[in-house]
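# Examining the three-dimensional arrangement
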Number of protein chains: 4
Amino acid sequence: MSRHAQYRVRVGYVDTDQAGVAHHATYLRWLEQARVEHLREGGLVYREWENATRLGLPVVDVVVRYLGPCRFDEVVVVDTWIGAASRTAIRYDYRLNVEGRPDVVTEAQVRLACVTLDGGPRRVPDEVLRACLGEGFEDKLVTTRRTRRGQ
Amino acid sequence: MSRHAQYRVRVGYVDTDQAGVAHHATYLRWLEQARVEHLREGGLVYREWENATRLGLPVVDVVVRYLGPCRFDEVVVVDTWIGAASRTAIRYDYRLNVEGRPDVVTEAQVRLACVTLDGGPRRVPDEVLRACLGEGFEDKLVTTRRTRRGQ
Amino acid sequence: MSRHAQYRVRVGYVDTDQAGVAHHATYLRWLEQARVEHLREGGLVYREWENATRLGLPVVDVVVRYLGPCRFDEVVVVDTWIGAASRTAIRYDYRLNVEGRPDVVTEAQVRLACVTLDGGPRRVPDEVLRACLGEGFEDKLVTTRRTRRGQ
Amino acid sequence: MSRHAQYRVRVGYVDTDQAGVAHHATYLRWLEQARVEHLREGGLVYREWENATRLGLPVVDVVVRYLGPCRFDEVVVVDTWIGAASRTAIRYDYRLNVEGRPDVVTEAQVRLACVTLDGGPRRVPDEVLRACLGEGFEDKLVTTRRTRRGQ
């Protein structure tokens, strides 16, 4: 139902740790960039939107399940879609696999709120919801409570 | 009940992003170092243990709730304790505040498993559980299922 | 004379700092990945080479001149070539600009040595020099001293 | 002559790469924090100064020589002092060793300029030069050209 975007990123040497796998903190970089690209494909350039509105979409919570490792020079495919969205929160859902391997290596959920640049809460504007959910987004909104994980 | 450790870290300029706050991925660095220090205070030097046993404690899932920002040059206090531990998983729980401010800025849970260096699963060894839970750790273990969040 | 490679990378939000520009440490990530891609285009997959030979090419020195900033969501083009190579060191030279802007934002030089995995020095193998300099690489080598900056 | 400051930092797991040593980009984080602490010991709290003046001290060039590795859980001592300062640039010099080992693992030089928040060049203000060089700083200034490396 919700539009998917695939963001591809190659694991760098700097992303590895001495256990020989991508460090678990690196994934949050990838999830962030995947959101930027998902919004771009939905018609919203985050940088321009932030500059024009002086609003932001900070992360309010993350859940990441690491099911298997990925390694230096592998290409990670970050499949990204909107899990749920309301007027006060947007939940991005993710499934990551390594290019050419079908098994899911990571699943994640990242919830964003909308704030002014000095941190005051705001309702998520129409242009963001439209980029996330498409035309007719009003009919796809859920209550805020239902943007929470597992609901 | 469980032993707490407090890890203090100063927010660096590199940790900030253009929204003027510490980037959400940075927190995973702090949570990791807080685990290393919690284990050290419990008598286990992670580096030596990893070298001696060729085992590791990879992160299998994380949950982070960002309740408020922290900023450049603030000192973050990472309060760390064992939320639950079993023979197959250890869950670290965290509460973060900025030194001198009582409000909690972040809460987190990080679950670790035990593996050999090539990734094969292992039971969590006694010396790790003892460092986490102290003497008499056997009586404090839960079933693996109960190391999951919210249970 | 030397083969050039262009590595393109988009500045992420995580790469910025509170001054609103890409943090100066981020550039070293980009320079590293540009080397991996330069070698790949020269026929050497670094990951496979490292696995097969148990050798590495650690950075021994870096010089970076930041001539102007780059910002979130800009695409940085990392122009990469071999500045000088000998049997004991390879110097990568770089010029970075923002896509669509002609001015150079950064210049850099990174010198690599060759070591075994436990750190012992080794001569740079033929397959690496061939990937860097092409066939007939023997005629393009300089003395080690001449891999140093400004010489 | 110039005041030295020692900044101590423990190498984190996240700082390592799959070669089992601290990644070369990590050092720039440490050098930055060492500058913040050097200024603090000289009486200038960078955060407050930046907020009050809306000026900044961006990095204009870096030179780093990696003489030996440092590893997970080692404590790195970053010895920091002013190599040269003028009205238009400050050069920080560094020598890094691992606590308890006398050999120098890294040497570095980082040159800063002074700019307004929108990037326009400014003369380095007195309060910064005083924090760097102490009272009587006017007599210790060099010409800008002499802040360059090797001069």
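Provided above is the structure to which this section pertains.
This is a predicted model, so every value here is computed, not measured.

## Structural notes on the side chain of Asp93 of chain D
All names here are of chain D. As for its placement among the helices and strands, Asp93 is situated in strand E5 (residues 90-98). Classification of Asp93 by relative accessible area gives buried; the value is 8%. For Asp93, the side chain forms a polar contact with the side chain of Arg91, separated by 2.8 Å. Leaving out residues up to four positions away in the same chain, Asp93 has contacts with Asp79, Thr80, Trp81, Gly83, Ala108 and Gln109.

## A closer look at the interface of chain C and chain D
Put simply, an interface is often sized by how much accessible area is lost when its parts join up. Every contact between the two is made by 17 residues of chain C and, on the other side, 17 residues of chain D. Together, the buried faces of chain C and chain D total about 1600 Å²; carbon and sulfur atoms form 52% of this surface. When the area that chain C buries against chain D is broken down by residue, the three leading residues are His24, Leu28 and Tyr66 of chain C, summing to 28%. At the boundary of chain C and chain D, one finds zero salt bridges. Those elements giving two or more residues to the side of chain C that touches chain D turn out to be helix H1 (26-41) and strand E3 (59-66) of chain C. Here the element with the most residues in the side of chain C that touches chain D is E3 of chain C; it accounts for eight residues. Considering only residue class, the side of chain C that touches chain D consists of eight nonpolar, three polar and six charged. Strand direction decides the pairing type here: E3 of chain C and strand E3 (residues 59-66) of chain D, joined by five bridges, are antiparallel. Bridge pairing in E3 of chain D links Val64 of chain C to Val62 of chain D.

## Overview of the relation of the copies chain C and chain D
Mapping chain C onto chain D leaves a residual RMSD of 0.0 Å; the transformation is a rotation of 180 degrees accompanied by 0.0 Å of translation along its axis. Each copy turns onto its partner about a two-fold axis. Among all residues of chain C, the minimum C-alpha distance to the rotation axis is found for Val63 of chain C, at 2.3 Å. When the interface residues of chain C are mapped onto chain D, 100% of them again lie at the interface, so the same face is used by both copies.

## Comments concerning the packing of aromatic side chains
On inspection of all chains with the given rule, the structure shows 28 aromatic pairs over all chains. Centroid distance Tyr92 of chain C to Tyr94 of chain C: 6.3 Å. Interplanar angle 25 degrees. Geometry classified as stacked. Accessibility expressed as a relative area gives 2% for Tyr94 of chain C, which makes it buried. Among the aromatic side chains, those forming a connected cluster through ring pairs are Tyr13 and Phe72 of chain A together with Tyr46 and Trp49 of chain C.

## Considering the environment of Cys70 of chain D
Residue and element names in this part refer to chain D. With respect to the helices and strands, Cys70 occurs in the loop between E3 and strand E4 (75-85). Using a relative accessible area of 0% as the deciding quantity, one classes Cys70 as buried. Distance from Cys70 to Leu28, taken between C-alpha atoms, is 14 Å for residues 42 residues apart in sequence. Setting aside anything within four residues of it in sequence, one finds Cys70 in contact with Val11, Val21, Ala22, Tyr27, Trp30, Val76 and Val98.

## Topic: the interface of chain A and chain B
In this complex, chain A contributes 17 residues to the contact, which on the side of chain B involves 17 residues. Both sides of the chain A and chain B interface together cover about 1600 Å² of buried area, and 52% of this is carbon and sulfur. Per-residue buried area on chain A facing chain B is highest for His24, Leu28 and Tyr66 of chain A; these three make up 28% of the total on that side. Connecting chain A to chain B are zero salt bridges. Put simply, chain A and chain B have eight residue pairs in polar contact (both at pLDDT 80 or more) between them. Residue assignment for the side of chain A that touches chain B shows that the elements contributing at least two residues are helix H1 (26-41) and strand E3 (59-66) of chain A. Here the side of chain A that touches chain B takes eight residues from E3 of chain A, the largest share from any one element.

## Thoughts on helix H1 (residues 26-41) of chain B
Residues and elements named next belong to chain B. Here H1 contains 16 residues, and its C-alpha end-to-end distance of 23 Å stays within 8% of the 22 Å for a straight helix at 1.5 Å per residue. A large share of H1 lies buried, amounting to 14 of its 16 residues. Among the residues trailing H1, Gly43 stands out with phi positive, at a value near 100 degrees.

The rules behind the values
- Residues numbered from 1 in each chain as written.
- Chains lettered and ligands numbered in written order.
- Predicted model: local features only at pLDDT ≥ 70, side-chain atom pairs only at ≥ 80, totals over all residues.
- Heavy atoms only, no water.
- Helix = DSSP H or I, 4+ residues; strand = E, 2+ residues; numbered from the N terminus.
- Buried < 20%, exposed > 50% of the residue type's maximum accessible area, 1.4 Å probe, protein only.
- Polar contact = N/O pair within 3.5 Å; in protein donor to acceptor, adjacent residues only side chain to side chain.
- Contact = heavy atoms within 4.5 Å.
- Buried area = accessible area lost by both parts, 1.4 Å probe.
- Salt bridge = Lys/Arg side-chain N within 4 Å of Asp/Glu carboxyl O.
- Nonpolar A, V, L, I, M, F, W, Y, C, P; charged D, E, K, R; others polar.
- Pairing = 2+ DSSP bridges.
- Least-squares fit on C-alpha atoms with pLDDT ≥ 70 in both.
- Phe/Tyr/Trp six-rings, centres within 6.5 Å; stacked < 30°, edge-to-face > 60°.
- Expected span 1.5 Å × (residues − 1).

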